[in-house]
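One-letter residues, chain by chain:
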Amino acid sequence: MNKKRILTSLVYIFIIAGFLIGGMNAAFSKSDNLALKENVHHVYLLYENVFRSVIVIFSSLLTLSILKEKKKSSAMRKKNLISLSIFMAVSFILIPLLLGIRELSIAFMPFPWSTMPVQLLHDGAFFSTSYSQQMVDLLLIMYILYQLVIVIGTLAFGRRFHCSMLCPYSGCHAESFDLALPLVGKKRPKLSPFHKQMKNIIKYGLFVLNLLLILLMALSPLIKVNFAILRQVEMIKYMLFDMLALQVFYFIYNGRGYCFYCPAGTALGILSRFAGGQIRTESPEACIACKVCDSNCPMNISISENIRKGLPVSSMDCVGCGHCIDACPTDILSYETLLTLRLKKGEDDHFEEEE
């Protein structure tokens, strides 16, 4: 069995295990059999923490090995895969093991992807799982720290910082599974203007829905909204979109299909504007108009036209994965932010002074 086939098998194992274990956890979450409920939830946490982390790490190693055999440039991908693997291993295995806290993973949910902090503050429960006050305090502290890291990192390095180097939900699998996706058919063609418009309507619609759920939950004591109903709506949204749609994209599109619509990604895309995240070149004359950068962009961003004109490519959809940079046959592309450009200018000035 070749490595790509092994990688494809891992994707299927991940999807099947997710549906089975996630479904069981949801089905038994309200069971009167407390022992059975606890055991099923324990298996679910093992899947979410250990199993997914091991899948990401092993898939990352396979992906790097395949790229090396094909002698393809993979500097940006290598950084992504190493960073994601380390983050998953430390945050989902090492820290929970050292602290003895299995549920720590729910703290790593970037705003506004989840209503987790509002649910915990309301009654100490996240969906159907209740926590002690000490655990609630710890989870909220970890959540706040995580948000601070994401905001600061995004302002410095753009959307790439989270979506391609830390994201433990879609980004980690999008990068490590990429060479095996889509599972059915070939790489999808560029989106038509109509499909791009529909994509944006859905994307911003989901973004507003998430913010609305958070706001209604937060104000529920004042406006007399039934919190249990809001929690149920969030659960349905989570199961049908955040879980189901994520898996469907693996079959028909690519690992970044969910990233088009991810509410956290939309928020980080807006924040990345302040960071000045962009794909750029200092040698537009070297562009050979092969459009390899376009075909390798998993977010369907048109890159080549601007590059030929020497103009930077700035898009809220850009996750900074660097696939276009690695694929460029003339090696003229780079991912930059205002900070990295300033640092490069400082290095160049220092070099000129030494000369």
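Residues numbered from 1 in each chain as written. Predicted model: local features only at pLDDT ≥ 70, side-chain atom pairs only at ≥ 80, totals over all residues. Heavy atoms only, no water.

A word on the packing of aromatic side chains
For clarity, the cut-off: In this scheme Phe, Tyr and Trp rings, the latter by its six-membered ring, pair at centre separations within 6.5 Å, and the angle between planes marks the pair as stacked below 30 degrees, edge-to-face above 60, and tilted otherwise. Helix and strand definitions here come from DSSP, where helices need a minimum of 4 consecutive H or I residues and strands a minimum of 2 consecutive E residues; each element is numbered from the N-terminal end. Partly exposed residues are those whose accessible area sits between 20% and 50% of the maximum for their type, while under 20% is buried and over 50% is exposed, using a 1.4 Å probe and protein chains only.
What the rule picks out here adds up to 16 aromatic pairs. Both rings, one in F127 and one in Y238, keep their centres 5.9 Å apart while their planes meet at 40 degrees; by these two values the pair is tilted. A residue pair is termed long-range when its members are at least 10 positions apart, and F127 in the loop between strand 1 (125-126) and strand 2 (129-130) and Y238 in helix 9 (residues 227-252) qualify at 111 residues. The two residues F127 and Y238 agree in class, both being buried. Linked through ring pairs, F14, Y47, F51, F177 and Y250 together constitute an aromatic cluster.

Describing the side chain of D317
Which entries qualify depends on this criterion: Here, two residues are considered to be in contact whenever any of their heavy atoms come within 4.5 Å of each other.
By secondary structure assignment, the location of D317 is in the loop between helix 12 (304-308) and helix 13 (323-327). The exposure class assigned to D317 is buried, which follows from its relative accessible area of 9%. With residues near it in sequence (within four places) discarded, D317 still touches R159, K199, K203, M299 and I301.

Some remarks on the pattern of salt bridges
The criterion, for reference: Salt bridge, as applied in this entry: a Lys or Arg side-chain nitrogen positioned within 4 Å of an Asp or Glu carboxyl oxygen.
Applying the stated criterion across every chain yields a total of twelve salt bridges. The shortest N-O distance in the salt bridge between E103 and R102 comes to 3.7 Å. Since its relative accessible area comes to 11%, E103 is described here as buried. Between R280 and E282 there is a salt bridge, and its shortest N-O distance comes to 3.5 Å. Within this structure, E38, R102 and E103 form a network of salt bridges that share partners.

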